[in-house]
Amino acid sequence: MSTVVPFPLLRLSHIWASYDQRCVLEDINMELPTTGLLGISGPNGGGKTTLIKLILGLHKPDSGQITYYTDGRPCDRLRMGYLPQQHLSDRRFPISVLEVVLSGLLGHRRILGRYSRADRQIALDMLSDVGMADYAQVPIGQLSGGQRQRALLGRALMCQPQLLLLDEPTTYFDVQAREWLLNKMKELSRQCMVVMVSHEKQDLQALTSHIIEINHRLRTINIDL
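As the structure is a computational prediction, the values presented were derived from the model and not from experiment.

Draft legend 1. Fine view of the sheet that holds strand S4 (residues 63-70). Reading across from one edge, S2-S1-S4-S5 is the order of the four strands in this open sheet, with antiparallel pairing throughout. Every other strand in the sheet has two partners, leaving strand S2 (22-33) and strand S5 (73-75) as the edge strands with one partner each. Geometrically, the sheet is characterised by an average inter-axis angle of 30° between neighbouring strands, direction not taken into account. Where strand S1 (residues 8-19) and S2 come together, eight bridges link them in antiparallel fashion. Note that in S2 the partner of Arg 11 across the bridge is Glu 31. Helix H1 (residues 48-56) contacts S1, S2 and S4 of the sheet and is inclined by roughly 125° relative to S1.

This is the structure:
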């Protein structure tokens, strides 16, 4: 099943993909608009994270085509922000929260030498926006899980993404922080396309009525664009 939008940001056509020699996604067809919210649910191992990595270009499909668009015309790439699944054991890099947020610029534009003063100010503003202004110089490994999620969201937003991809973003968030995140996603969806993967269907339902379920195939779709 597929949905067609008038001016797509992204099109997936007959995507088949495998992981560790096991077929994970079968004949996926869908299009995303330039703004809005899409929720993705499905069981573990059903292909949700693989789909996100395909969109990001971190994983190649076995067959099919992924096309990006700007102003209705095919382009080579999009500005994409990504908040991956987080594990509290990922404390390998002894760098500050500010440096983590600044790293969101890497790969999106050429940076010669050190980050500029303007870059640092944007990163500080981004930290303020996600409620982490007081933690700029704190080593990222010293943060709680919820604080790290906020910092990593700031990193994902540094490139001013056209497409924001979030994989289980409410992990480690309490009820109040979840409400903050969902409201933030609604706000951002007026500026870019937001795709959120979650096992928590109540979070997706609170966020949007546009939800697809993926279990190797795109089983159901409820997008009214």
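Draft legend 2. Looking closely at the packing of helix H4 (residues 145-157) against helix H5 (residues 175-188). Orientation of H4 relative to H5, taken along the N-to-C sense of each, is 10°, at an axis distance of 13 Å. What the angle tells us is that H4 and H5 run roughly parallel. Contact residues: H4 offers Arg 150, Leu 153 and Leu 157, while H5 offers Ala 177, Trp 180, Leu 181, Met 185 and Leu 188. Residues of the contact of H4 with H5, tallied by class, amount to seven nonpolar, no polar and one charged.

Draft legend 3. A look at helix H3 (residues 117-129). Spanning 13 residues, H3 covers 18 Å between terminal C-alpha atoms, matching the ideal 18 Å at 1.5 Å per step. For H3, every residue scored as buried is listed here: Asp 119, Ala 123, Met 126 and Leu 127. Within H3, the buried residues cover an arc of 100° as seen down the axis, which keeps them to one side. Tucked inside the fold, the buried residues of H3 contact helix H2 (97-102) and H4. Phi for Gly 131, located one or two positions after H3, is positive at around 75°.

Draft legend 4. Molecular detail of the pattern of salt bridges. Scanning the model with the defined rule gives six salt bridges in all. Here Glu 213 ties to Lys 201 by a salt bridge, and the two come within 3.1 Å at their closest N and O atoms. Residue Glu 213 is located in strand S9 (residues 211-215), and its partner Lys 201 is located in helix H6 (residues 201-207); the two are separated by twelve residues in the primary sequence. Classification of Lys 201 by relative accessible area gives partly exposed; the value is 41%.

Calculation rules
- Residues numbered from 1 in each chain as written.
- Predicted model: local features only at pLDDT ≥ 70, side-chain atom pairs only at ≥ 80, totals over all residues.
- Heavy atoms only, no water.
- Pairing = 2+ DSSP bridges.
- Helix = DSSP H or I, 4+ residues; strand = E, 2+ residues; numbered from the N terminus.
- Axes fitted to C-alpha atoms, helices over the stretch in contact; angles between N-to-C directions.
- Contact = heavy atoms within 4.5 Å.
- Parallel < 35°, antiparallel > 145°, perpendicular 65-115°, else oblique.
- Nonpolar A, V, L, I, M, F, W, Y, C, P; charged D, E, K, R; others polar.
- Expected span 1.5 Å × (residues − 1).
- Buried < 20%, exposed > 50% of the residue type's maximum accessible area, 1.4 Å probe, protein only.
- Arc of directions from axis to C-beta.
- Salt bridge = Lys/Arg side-chain N within 4 Å of Asp/Glu carboxyl O.

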